Amino acid sequence: MLDLHAPLISTLEKGSIRITTNMGQEFFTVDGGVVEVLNNKIIVLAESVIE
């Protein structure tokens, strides 16, 4: 739930990301990057995705 979340830009370390949609959940492991939260949306710019 992102309603009324404060705007945010932050760096990411290596770790898991969970994406939840109407179709279910998906999990990814990223090797660093940047995340932005703005206007009820999240943008993730990952250095790489590890399988």
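How each quantity is defined
- Residues numbered from 1 in each chain as written.
- Predicted model: local features only at pLDDT ≥ 70, side-chain atom pairs only at ≥ 80, totals over all residues.
- Heavy atoms only, no water.
- Helix = DSSP H or I, 4+ residues; strand = E, 2+ residues; numbered from the N terminus.
- Buried < 20%, exposed > 50% of the residue type's maximum accessible area, 1.4 Å probe, protein only.
- Contact = heavy atoms within 4.5 Å.
- Areas by Shrake-Rupley, 256 points an atom, 1.4 Å probe, with all protein chains shown as cover.
- Pairing = 2+ DSSP bridges.

### Some points on the overall build of the chain
The helix and strand inventory of the chain stands at zero helices and four strands. The secondary structure elements of the chain, listed N-terminal to C-terminal, are β-β-β-β. With the C-alpha coordinates aligned to their principal axes, the bounding extent of the chain is approximately 30 × 25 × 10 Å. For the chain, the residues scored as buried account for 12% of the 51 residues in total. For the chain, the share of sequence-separated contacts (at least 6 apart) that also reach a separation of at least 24 residues comes to 28%. Accessible surface computed for the chain: about 4,500 Å², of which carbon and sulfur atoms make up 54%.

### Looking at the environment of Glu51
If you trace the backbone, Glu51 turns up in the segment after strand 4 (49-50). Overall, the relative accessible area of 97% leaves Glu51 in the exposed class. Sequence separation between Glu51 and Thr20 is 31 residues, and the spatial gap between their C-alpha atoms is 19 Å.

### Notes on the pairing of strand 2 (residues 24-38)
Relative to strand 2, strand 1 (residues 8-21) runs antiparallel, the two sharing 13 bridges. In the strand pairing of strand 2, Thr20 is matched with Gln25. Where strand 1 folds back onto strand 2 in an antiparallel hairpin, the turn is made up of two residues. As judged from the two bridges shared by strand 2 and strand 4, these two strands associate in the antiparallel manner. Note on strand 4: the bridge partner recorded for Val30 is Val49. In this structure, strand 2 lies alongside strand 3 (residues 41-46), joined through six bridges in antiparallel fashion.

### A word on unusual backbone geometry
Residue Asn39 is not a glycine yet carries a positive backbone phi of 55 degrees. On the secondary structure map, Asn39 appears in the loop between strand 2 and strand 3. Phi at Asn40 takes a positive value of approximately 65 degrees, unusual for a residue other than glycine. Within the element layout of this structure, Asn40 appears in the loop between strand 2 and strand 3.

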